Amino acid sequence: MNKDIYLSNSLGGKKEKFVPIKKDQVGMYVCGPTVYDDPHIGNARPLVIFDLLFKVLKCKYGSKAVTYVRNITDIDDKIIKSSKEKKIPISDLTKSITKKFHTDCDYLICESPSYEPRATENIKLMIEMISDLIKSNFAYESEKHIYFKVKNFKDYGKLSNKNLEDLIAGSRVEVSENKKNPEDFVLWKPSKDDEPFWESPWGNGRPGWHLECSVMSKKYLGDTFDIHGGGRDLIFPHHENEIAQSICANKTKNLANYWVHNGFITMSKEKMAKSQGNVLKISDFKSNYNGQVLRLALMSAHYTQPLDWNNKLMNECYKTINKWYDCYSPTNKKILIKDEDLQPLYDDLNTPGYLANLHKLYIKAKDGSLKDKELFTIACNFIGLLRQPKDQWDKFKKEKLSLSEKEISEKINDRNKAREDKNYKLADKIRDELLDKGILIEDKDGKTTWKIK
RNA sequence: GGUAACGUGGCGGAAUGGUUACGCAGAGGAUUGCAAAUCCUUGUAUCCCGGUUCGAUUCCGGGCGUUACCUCCA
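Residues numbered from 1 in each chain as written. Chains lettered and ligands numbered in written order. Predicted model: local features only at pLDDT ≥ 70, side-chain atom pairs only at ≥ 80, totals over all residues. Heavy atoms only, no water.

1. Observations concerning the overall build of chain A
- Helix and strand content of chain A: 15 helices and 15 strands.
- Across its three principal axes, chain A shows a C-alpha extent of roughly 90 × 55 × 40 Å.
- Relative to its full complement of 453 residues, chain A shows a buried share of 51%.
- When contacts within chain A are restricted to residue pairs at least 6 apart in sequence, those whose partners lie at least 24 apart make up 75%.
- Of the roughly 22,600 Å² of accessible surface on chain A, 48% is carried by carbon and sulfur atoms.
- Separation of charge centres in chain A, based on 77 positive and 66 negative side chains, amounts to 3 Å. (Helix = DSSP H or I, 4+ residues; strand = E, 2+ residues; numbered from the N terminus. Buried < 20%, exposed > 50% of the residue type's maximum accessible area, 1.4 Å probe, protein only. Contact = heavy atoms within 4.5 Å. Areas by Shrake-Rupley, 256 points an atom, 1.4 Å probe, with all protein chains shown as cover. Lys, Arg positive; Asp, Glu negative; His and termini not counted. Charge placed at Lys NZ, Arg CZ, Asp CG, Glu CD.)

Right, dumping it as structure tokens:
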């Protein structure tokens, strides 16, 4: 397959043909979690979206050609605050949230990135980058704080379409007596007695937000790399500041050539965010839904669009996967997905377009040959669906049942007796009762079978 | 106030300068004791006003509306 990949580039605001810096090598950096609280559905979207992009890139460039780096930020003001609130030592908190995050990734069927560096393991490199920035007059020290001097970087605001005057006029920037200018942001700050610290030329302290991404992307992908991803809300200030730091420290023109940002998950059309108090934890879904259902739901809209999260969406996705399992036919054969079927994914990760193709392949597979079913299964597998054996999917459904199989067959016997007696009122009552409990009865060829709705 | 995104049938959601998305729901039919499941059939929608064009839902301008970012947020 030699089709081009297109991506919506936030830098410039247009869909562009993807051309990697090196012909047969792709580097992608995605902002991972700050591990201070349980991951929620909003966090799940970039996990699934960039997992898909990883798969598509590997499909085109080869599985070894793509380096996917996703950081874990394990030192930050939010973590310190959360640790105090929860009365848990910081390292315990970050370890347990990181573990939960990985469990959630598995639940959503996301494969591991190539590297998953932690901020606290790279403090030395951060200090080096700060020193470079001070030397080249892009940063200054003030009362044991180091600030980035935004005015000295003329391209500041290019990604987020902001200019300095507006930012200052907005005056929502954090005011601090130590700053020379209100728009400056902190690279290093002193730690209080009860806060974690690292030794530095400017005293014991800790890094500002933003810096870990600049340092770790450089470490694994170089000064300039291909794709940088994350949620829309990171565009400003996080990515803007990353760009400023990296370009000034590395003396390059660009940090990443393609900036890819996913839209938000909303609840009743309003952004799902901790500050709004309307977050749904990923783990809350585990008892009721197989992770594939969430994964499909997260792919049901284009990644740049907002996605409203509700029960109807979940139910539709559940029904779709349940239906698709009828054609589940795993195989070790190498069956290639047709270019025309794959094409929507190459075109800016158009997941709804690909899902439409899957529906078409399903219809073909349903009455088709084994090979059609195998192709359909492989096409689902490509985006991380139908990877679990069917009995695992059924098992999950059975766990939710309130009736035992024995009770169900007793009810069915009762109903069939009633039918023989032509007591259809009773028969229908039993059937409806079972349906209420999620058991679907089918009379076929004189036999009655049941399945879980 | 500044900066963006979006506005498609009952709902969700793609695409597109002239013809079909797709899914769910609904309707009709086959089947059935009745159902369910399944199968078959069925949908002519692009916020408003101008402009460009032979032709715009699609491009351009204006308006209205919704949302987001400008403070931590995926």
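2. Here we look at helix H7 (residues 235-250)
- When you tally the buried positions in H7, you get 14 out of 16 residues, the bulk of the element.
- Positive phi shows up at Lys251, right after H7, with a value of about 55 degrees.

3. Remarks on the nonpolar core
- The biggest cluster of nonpolar side chains holds 75 residues, and the ones touching the most others in it are Leu57, Leu108, Ile227, Trp309 and Ile383.
- Counting residues per element, this core draws most heavily on helix H1 (residues 41-61), at 12 residues.
- Lining this core are residues from two domains, each supplying at least three of them: domain 1 (6-266) and domain 2 (311-390).
- Within the second largest apolar cluster, 49 residues are counted, among which are Ile79, Met126, Phe148 and Phe153. (Core = buried A, V, L, I, M, F, W, Y, C linked by side-chain atoms within 4.5 Å. Domains from an automatic or database assignment.)

4. Details of the side chain of Asp104
- With respect to the helices and strands, Asp104 occurs in helix H3 (residues 90-107).
- Overall, Asp104 belongs to the buried group, its relative accessible area being 2%.
- Contacts of Asp104, omitting those with residues within four sequence positions, involve Pro39, Ile282, Ser283 and Lys286.

5. Observations regarding the packing of helix H2 (residues 77-86) against H3
- Two elements in contact, H2 and H3, have axes separated by 9 Å at closest approach and are oriented at 105 degrees. Taken together, the axes of H2 and H3 lie roughly perpendicular to each other. Along the contact surface, H2 presents Ile79, Ile80, Ser82, Ser83 and Lys86, while H3 presents Ile90, Leu93 and Thr94.
- Taken together, the residues that form the contact of H2 with H3 break down as four nonpolar, three polar and one charged. (Axes fitted to C-alpha atoms, helices over the stretch in contact; angles between N-to-C directions. Parallel < 35°, antiparallel > 145°, perpendicular 65-115°, else oblique. Nonpolar A, V, L, I, M, F, W, Y, C, P; charged D, E, K, R; others polar.)

6. Focus on helix H12 (residues 370-382)
- Between its first and last C-alpha, H12 extends 18 Å over 13 residues, near the 18 Å set by a 1.5 Å rise per residue.
- Where H12 is buried, its residues meet H1, helix H9 (311-324), helix H10 (339-346) and helix H11 (351-366).
- One or two steps after H12, the chain reaches Gly384, where phi turns positive at roughly 85 degrees. (Expected span 1.5 Å × (residues − 1).)

7. Describing the packing of H1 against helix H8 (residues 291-298)
- Packing of H1 against H8 leaves a shortest axis separation of 10 Å and a crossing angle of 80 degrees. Considering the angle they form, H1 stands roughly perpendicular to H8. Of H8, the residues touching H1 (which contributes Ile41, Ala44, Arg45, Val48, Ile49, Asp51, Leu52 and Lys55) are Leu294, Arg295 and Leu298.
- Residue composition of the contact of H1 with H8, by class: seven nonpolar, no polar and four charged.

8. Points about the confidence of the model for chain A
- The share of residues in chain A with pLDDT of 70 or more is 98%, and the mean pLDDT across the chain is 92.
- Ranking the elements of chain A by mean pLDDT puts helix H5 (residues 164-170) last, at 69, and strand S4 (residues 66-70) first, at 98. (pLDDT = per-residue confidence, 0-100.)

9. Section: the environment of Tyr36
- By the element assignment, Tyr36 lies in the loop between strand S3 (26-30) and H1.
- On the basis of relative accessible area, Tyr36 is assigned to the buried category, the value being 19%.
- Distance from Tyr36 to Phe285, taken between C-alpha atoms, is 20 Å for residues 249 residues apart in sequence.
- Among residues more than four places away in sequence, those in contact with Tyr36 are Lys78, Ile79, Ser82, Lys86, Leu93, Ile97 and Lys274.

10. Describing empty space enclosed by the protein
- The tally for this structure, following the rule as stated, stands at two cavities of 30 Å³ or more.
- Put simply, the largest cavity is a space of about 50 Å³.
- Lining of the largest cavity is provided by Thr73, Ile75, Asp76, Ala119, Met126, Pro207, Gly208, Trp209 and Glu212.
- Split into classes, the residues belonging to the lining of the largest cavity amount to five nonpolar, two polar and two charged.
- Considering the residues around the second largest cavity, the lining is formed by Leu361, Lys364, Ala365, Asp372 and Leu375.
- Where the lining of the second largest cavity is concerned, the elements lending two or more residues are H11 and H12.
- Among the elements that line the lining of the second largest cavity, the one with the most residues is H11, at three residues.
- Tallied by class, residues from the lining of the second largest cavity come to three nonpolar, no polar and two charged. (1 Å grid on protein atoms, 1.4 Å probe; cavity = no way out; pocket = protein on both sides within 12 Å on 5 of 7 lines; lining within 4 Å. Points joined across faces, edges and corners; volume = space filled by probe spheres on them.)

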